[in-house]
Amino acid sequence: MAAPANGSNVVTADLHKPRRHYIPSIWGHFFLNHNPCTQSQYLAMTEMASIKKERVRKSILAAGSSSDLPMKMELIDTLQRTGVAYHFGKEIQDLLRGIHADYQGSSDDLHTTAARFYLLRTHGYHVSPDVFMKFRDDRGNFVSNDADSLLALYNASYLRTRGEEVLDDAIIFTNSRLQCMLEHLEPQLAEEVRCALKTPIFRRVKRVETRRYIPVYEKKATRDEDILELAKLDFNILQTIYCKELKTLTIWWKDLKSQTDLQFARDRIVEMHFWVLGVVYEPQHSYSRVILTKLNIFISLFDDFYDNYSTTEESNTFTAAMERWDEQAAEQLPAHLKALYINILNTTNDFEEELKRQKNKNAELVKELVIDVAKCYHAEVKWRDEHYVPTSVEEHLQISVGSSACMHIISLVFISMGNVTTKEVLEWALTYPKIVRCVCIIGRIGNDMVSHEREQKSEHVVSTVKTCTKEHRITVAGANAKLMVIIEEAWMDIVHERLHNNHQMVHKEKATDLARTMDFMFKREDAYTLASSLKETLTSLYVNYV
């Protein structure tokens, strides 16, 4: 989770450490009374969406018998970017199998080649980047002045793994060419290029991209009206579901704040719900989103408590109580922590019991994960109090990968998915396998890079940025450049694992979704802490209809 914002330091009566002030929630109790639509309107939308869904399904099945490869690929891309692909998983997989079967049939068209490469690699097909060699001249440059083709190549190149030099070169070349062409492009294409240069399609948060792309698709002369209408209906249906969840969560959060002093922590219930829906956005996961938001709020509270608020003694006492997992352990805690501790126990135990009623075989791991998060944060307290700077970024990550909490979030998501997740999958996730570790690295380093300057103004666990400056005796700017290389390598390893790891794509996709959300939250600043930067995005997702 993100590090807190710096504010005025005030010594409290309860603690001998300074308390930071945070920007208050910009939402307050807004979602207690916000209803995007009436119940009758909601039912009408779901009925119409069912009709549109079947029309779109027929179109997809018809495309399967066509030999028009560009049309098939554009259809899949449209379904994905308008946010309705999850309704047609089997049909899309059938189309992709056909596209893959014909992959060896070389194309002389760069746009077609790049689009096919992108789609197949996105869905876990291990296809060779050598198909791009034919588009290079003697000097290694790509022979194309078509912005659409270069944009397709740019997005495809981010599905690279380590050592794929042709894709490394393609990123550099297309980035440079597209930057030069930008001011001469027609407005709609120029906007697509700007978005890609900021974040390639593979790394975008799905719901954010859906909200952005539906109006773009609506302006296309080649749009499919049934897909467009389904996309709008589906988005508004999901928005209504999300707002109901936020009403439930606002009530819970309001109650929690009335029971305990949480002035040491960030008030970010809406932002946390967004963080969770970045990973599990589908309608069938409504209960999961509610409970995952609560558990992630606890993780955020741990971050604020351990990282800069607790004394060493309080940190030790609270961690010991977490390991005991017993309400009687609350008697050993200071008054201001008792209610929080009991609420963590009760909320987690309730979730575990509900999962057991659902016959979830991994229910008992929820408690263990919550306890382990606390232990991971506690492990950093010694560094904080001793002002210790690790000798290398690698040493730093040995502890801070755990306190990124990404492994815990991924595992909780897996558990919430029910029978799709076997015991073996959970055992795998808990060992920090490469794809999970890479998500942790993206979250940890991304957080540190945007928070470093602010955190230097107060007592705080040393960041990977500070560690990197010491390790290489370089400036902060130089450290950021080196850390960006580590982040890019992590993304390449995620792609590699998606292509070569034997676990189901559904689990690898959820892990990737968390990396995408981390990237979004820490793209320019710590958007979780500095929540005003998220207001426009959240308004578009939760308040405004498409």
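Residues numbered from 1 in each chain as written. Predicted model: local features only at pLDDT ≥ 70, side-chain atom pairs only at ≥ 80, totals over all residues. Heavy atoms only, no water.

Caption draft 1: Region of the structure containing the layout of surface pockets. Roughly 970 Å³ of internal volume is contained in the largest pocket. As for the largest pocket, its lining consists of 33 residues, and the residues nearest its centre are Ala 85, His 123, Lys 206, Tyr 281 and Glu 509. For the lining of the largest pocket, the secondary structure elements donating two or more residues are α3 (69–81), α4 (89–101), α5 (110–122), α9 (206–218) and α23 (505–521). Among the elements that take part in the lining of the largest pocket, α23 stands out by supplying six residues, more than any other. Residues belonging to the lining of the largest pocket are distributed by class as follows: twelve nonpolar, nine polar and twelve charged. (1 Å grid on protein atoms, 1.4 Å probe; cavity = no way out; pocket = protein on both sides within 12 Å on 5 of 7 lines; lining within 4 Å. Points joined across faces, edges and corners; volume = space filled by probe spheres on them. Helix = DSSP H or I, 4+ residues; strand = E, 2+ residues; numbered from the N terminus. Nonpolar A, V, L, I, M, F, W, Y, C, P; charged D, E, K, R; others polar.)

Caption draft 2: Up close: the packing of aromatic side chains. Applying the stated criterion across every chain, the model contains 27 aromatic pairs. Each ring, one from Tyr 86 and one from Tyr 281, has its centre 5.8 Å from the other, and the planes form 85°; the classification is edge-to-face. Here Tyr 86, found in the loop between α3 and α4, pairs with Tyr 281, found in the loop between α11 (269–277) and α12 (286–309); they are 195 residues apart in sequence, far enough to count as distant. With relative accessibility at 9%, the residue Tyr 281 sits in the buried group. Aromatic side chains Phe 202 and Trp 491 sit 6.3 Å apart centroid to centroid with 70° between the ring planes, which places their arrangement in the edge-to-face category. Linking Phe 202 in the loop between α8 (187–198) and α9 with Trp 491 in helix α22 (residues 476–500), this pair joins segments that are 289 residues apart in sequence. (Phe/Tyr/Trp six-rings, centres within 6.5 Å; stacked < 30°, edge-to-face > 60°. Buried < 20%, exposed > 50% of the residue type's maximum accessible area, 1.4 Å probe, protein only.)

Caption draft 3: Layout of the pattern of salt bridges. All told, the structure shown has 44 salt bridges when counted by the stated rule. Two residues, Glu 352 and Lys 356, come together in a salt bridge whose shortest N-O distance is 3.2 Å. Within this pair, Glu 352 and its partner Lys 356 are both found in helix α14 (residues 335–357), separated by four residues, close to a single helical turn. On the basis of relative accessibility, which here comes to 8%, the residue Glu 352 falls in the buried class. Notably, a salt bridge pairs Arg 498 with Glu 509, separated by 2.6 Å at the nearest N-O pair. Of this pair, Arg 498 sits in helix α22 while Glu 509 sits in helix α23, and the two are eleven residues apart along the sequence. Its relative accessible area of 1% is what places Arg 498 among the buried residues. (Salt bridge = Lys/Arg side-chain N within 4 Å of Asp/Glu carboxyl O.)

Caption draft 4: Main features of the nonpolar core. One finds Leu 79, Phe 132, Phe 302, Phe 318 and Tyr 542 to be the most contacted residues of the largest nonpolar core, which totals 175 residues. Here this core takes 16 residues from helix α10 (residues 225–259), the largest share from any one element. In this structure, Phe 132 is in contact with Leu 110, Thr 113, Ala 114, Phe 117, Phe 142, Leu 153, Ala 156, Val 166 and Leu 167, ignoring residues within four places of it in sequence. (Core = buried A, V, L, I, M, F, W, Y, C linked by side-chain atoms within 4.5 Å. Contact = heavy atoms within 4.5 Å.)

Caption draft 5: Local environment of empty space enclosed by the protein. Counting across every chain of the model gives seven cavities of 30 Å³ or more. Roughly 50 Å³ of internal volume is contained in the second largest cavity. As for the second largest cavity, its lining consists of Ser 25, Gly 28, His 29, Thr 250, Trp 253, Lys 257, Asp 267 and Ile 269. Counting residues per element, the lining of the second largest cavity draws most heavily on α10, which supplies three residues.

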